[in-house]
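Tertiary structure, described
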Amino acid sequence: MAIVVTVTSGKGGVGKTTSSAAFAAGLAQAGHKTVVIDFDVGLRNLDLIMGVERRVVFDFVNVIQGEATLHQALIQDKRIENLSILAASQTKDKDALTEEGVETVIQELSEMGFEYIVCDSPAGIERGATMALHFADHAVIVTNPEVSSVRDSDRILGILQSKSKRAKEGGRVSEHLLITRYDPVRVENGEMLSHEDVCDILAVGLIGVIPESKAVLKASNTGVPVILDHESDAGVAYADAVARFLGESRPMKFLTPKKQGLLKRILGGSD
Amino acid sequence: MALFGLFGSKKPSSASAAKERLQILISHERHNRTGPDFLPDLQREILQVVKKYVEISDDQVNIRLDRHGDASVLELNVTLPER
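Model, not experiment: these values are computed from the prediction.

Further remarks concern the confidence of the model for chain B. Looking at chain B as a whole, its pLDDT mean stands at 77, while 80% of the residues score no less than 70. Of all helices and strands in chain B, the one with the weakest mean pLDDT is helix α1 (residues 2-6) of chain B (50), whereas helix α2 (residues 14-34) of chain B scores best (87).

The structure is reproduced here in structure tokens:
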């Protein structure tokens, strides 16, 4: 059976889709046959972030409703051989996602030999989000070091621990905290929660800290998952996070401000 | 400003305020969601009974369940108005 990894957060705009794209690309690059599914029915965006927006013919809901086969709907990534994308419907209602429908798709993907199914959850705690986390074996909780994001992440953790299939069967979803848009300079100045603060509050193991980075917008502008930008700090941080997910131990990077010359520190200014 | 920053004059940081507020809020919210489902109903009905006899407002009845080892303690707090 394929391993289901749900990328979720509660709050919108914290980097779920960017993280889903990065995780899926990272897992595929590590040699695992991976599919990434957009659960944001009505507001699909994973296709854009993955750069396949012009290749979407059939979507997830078409498959659930029997209007297309999985083979027809899966989009094979052109950069990474092991990677496929299943887009969300742009037109259907989110109630089109049924538990049985989602389960059948996961089952079929497993039979097709996919090892990892990455579910890109929509924001909120409504149907799309609860369906995305229902079948999770692992959950990547994407959190910004900011009060509302941390609170919403805790809410999602509560749902994972009570409403997911694993929880209902007496088990537990493996939770991993991914902190994004981290600014070590502001943390050092006491203007931003540190990664230790967020870990303390949420009590979830940290899988990565992604620094605030210009590379993320650049990646989404061009439709390339940021993890493929090996030159960028965010790309490196995502690669490390995926490696940790796969059991490697790697030190956290980008937790302290870049060294600045004395003159720049005295004159102030930021980059 | 940057020059002063170099010599570390420490003022209370907004990050520590954020942490403190979150810890209080989240512990409260976790408490609510881990409690048995009947607690909100129980609280509402107790409030109705008390209201039959005494004028009190909704926030003057507080009910909580604490677990101590294998025993649970149901604590009911009713603040009665001064006469």
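Having seen it, we continue.
Residue and element names in this part refer to chain A. Its 13 residues place the ends of helix α12 (residues 233-245) 18 Å apart at the C-alpha level, agreeing with the 18 Å of an ideal helix rising 1.5 Å per residue. Burial runs high along α12: 11 of the 13 residues are buried. Just downstream of α12 lies Gly247, where phi reads positive at about 100°.

It is worth spelling out the packing of aromatic side chains at this point. All names here are of chain A. Across all of its chains, the model carries 3 aromatic pairs over all chains by this definition. Ring centres 5.8 Å apart and planes at 85° place the aromatic pair Phe23 and Phe245 in the edge-to-face group. One end of the pair, Phe23, is in helix α1 (residues 16-29); the other, Phe245, is in helix α12, and 222 residues separate them in sequence. A residue is classified by how much of its surface remains accessible, and Phe23, at 0% relative accessible area, is buried. Ring geometry for Phe39 and Phe60: centres 5.0 Å apart, planes at 70°, overall edge-to-face. Of the two residues, Phe39 is situated in the loop between β2 (34-38) and α2 (46-49) and Phe60 in helix α3 (residues 60-64); the sequence distance between them amounts to 21 residues.

Moving on, we come to the interface of chain A and chain B. Contacts between the two partners involve 18 residues from chain A, matched on the other side by 15 residues from chain B. Approximately 1,500 Å² of surface area, both sides summed, lies buried where chain A meets chain B, with 61% of it carried by carbon and sulfur atoms. When residues of chain A are sorted by the area they lose upon contact with chain B, A:Arg151, A:Asp154 and A:Ile201 head the list and together hold 35% of the total. Where chain A touches chain B, the interface holds 4 salt bridges.

Glancing now at the sheet that holds β2(A). What links the strands of a sheet is backbone hydrogen bonding, and the strands pair in either a parallel or an antiparallel sense. Residue and element names in this part refer to chain A. Judged by pairing direction, the sheet is mixed, and its 8 strands sit side by side in the order β3-β4-β2-β5-β1-β6-β7-β8 without closing on themselves. The sheet is open, and its two edges are formed by β3 (75-76) and β8 (206-211), each paired on a single side. Examined bridge by bridge, β3 and strand β4 (residues 83-86) share 2 bridges and lie antiparallel to one another. Its bridge partner being in β4, Gln76 is matched across the sheet by Ser84.

Reading the values: rules and limits
- Residues numbered from 1 in each chain as written.
- Chains lettered and ligands numbered in written order.
- Predicted model: local features only at pLDDT ≥ 70, side-chain atom pairs only at ≥ 80, totals over all residues.
- Heavy atoms only, no water.
- pLDDT = per-residue confidence, 0-100.
- Helix = DSSP H or I, 4+ residues; strand = E, 2+ residues; numbered from the N terminus.
- Expected span 1.5 Å × (residues − 1).
- Buried < 20%, exposed > 50% of the residue type's maximum accessible area, 1.4 Å probe, protein only.
- Phe/Tyr/Trp six-rings, centres within 6.5 Å; stacked < 30°, edge-to-face > 60°.
- Contact = heavy atoms within 4.5 Å.
- Buried area = accessible area lost by both parts, 1.4 Å probe.
- Salt bridge = Lys/Arg side-chain N within 4 Å of Asp/Glu carboxyl O.
- Pairing = 2+ DSSP bridges.

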